[in-house]
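# Geometric and topological summary
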Amino acid sequence: MVEIKYGKARVKLEDTNLIYEPAEDSFLLADVALKEADQGMRILEIGTGSGFVSAVLLANLKDISLIATEINPHAARCAKINGLELIRTDLFSGIRSKSSEKRFDLILFNAPYLPTSKDEKVPGWLNYAFDGGINGRETLYRFLDEVRGYTRPGGKILVLISSITGLEAVIIKMKSVGFKTDILERKKVSFEELMVVRGKLL
Ligand SMILES: C[S@@+](CC[C@H](N)C(=O)[O-])C[C@H]1O[C@@H](n2cnc3c(N)ncnc32)[C@H](O)[C@@H]1O
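Below: a short report on this structure. Source: prediction; values computed, not measured.

### Brief notes about the side chain of Glu70
Note that Glu70 resides in strand E4 (residues 65-70). Despite its burial, Glu70 pairs with no opposite charge, the nearest such side chain being Arg88 at 7.2 Å. A polar contact of 3.4 Å, which involves the side chain of Glu70, links it to the backbone nitrogen of Thr48. Filtering out sequence-adjacent residues up to four positions away, Glu70 remains in contact with Gly47, Thr48, Gly49, Ala75, Ala76, Leu86, Ile87, Arg88 and Thr89.

Here's what the structure looks like:
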């Protein structure tokens, strides 16, 4: 098993044929999340993969409560090995309570964002790491349609997107579901630009 060292965090990584291997997108989201998170926050990460981003937060911040979800059973197991409280589920489905005291201060998602046709799908569970549907935004839009119900008033969401995903379309969607948007970070990586967009619940 490979171990990734990232600041104070040590993240174990099982088979990368089955699980998304943390890359520039994961690192960018982790760095921004560290700046946006505060002690005492209740945090949710959707689609945690190996658990990398959440493990970085847990290693660096005291007194946070953090829950993560993941659909891929191999990734879910790896995230548990990395010490996360993990719910294996589709997006928010396994999170029962939307009562106001149970809502989250900060919700993170590095969504699968590659525009993917039927012929381009990767075999097995790993496909969930990449496949954003025909326009690259299908899973992200499903997330955005639900996320407000899990965010406390004044709370924040951070989404990692790529220039491939289409920034303008994502911003319009985030505004339509009630968030004030800001682009917090941008990084050019080979053929694409990665961005972290923050939504603040109005
Ligand atoms: C681009 S990877 C990011 C993984 C990890 N968060 C990181 O930054 O390294 C997207 C992750 O979301 C998961 N995922 C995709 N669709 C999902 C869904 N509907 N519900 C839960 N997790 C999902 C994938 O299995 C994959 O682990």
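Once you've had a look at it, read on.
### Things to note about the environment of Ser26
For Ser26, the location among the structural elements is in helix H1 (residues 24-36). For the pair formed by Ser26 and Leu126, sequence separation is 100 residues and the distance between their alpha carbons is 16 Å. Sequence-distant contacts of Ser26, defined by excluding residues within four places in its chain, comprise Tyr20, Phe52, Val53 and Asn110.

### A few points about the side chain of Thr181
Take Thr181: it is sitting in strand E8 (residues 179-189). Residue contacts for Thr181: discarding those within four places in its chain leaves Ile171, Met174, Lys175, Val197 and Arg198.

The rules behind these values
- Residues numbered from 1 in each chain as written.
- Predicted model: local features only at pLDDT ≥ 70, side-chain atom pairs only at ≥ 80, totals over all residues.
- Heavy atoms only, no water.
- Helix = DSSP H or I, 4+ residues; strand = E, 2+ residues; numbered from the N terminus.
- Buried < 20%, exposed > 50% of the residue type's maximum accessible area, 1.4 Å probe, protein only.
- Lys, Arg positive; Asp, Glu negative; His and termini not counted.
- Salt bridge = Lys/Arg side-chain N within 4 Å of Asp/Glu carboxyl O.
- Polar contact = N/O pair within 3.5 Å; in protein donor to acceptor, adjacent residues only side chain to side chain.
- Contact = heavy atoms within 4.5 Å.

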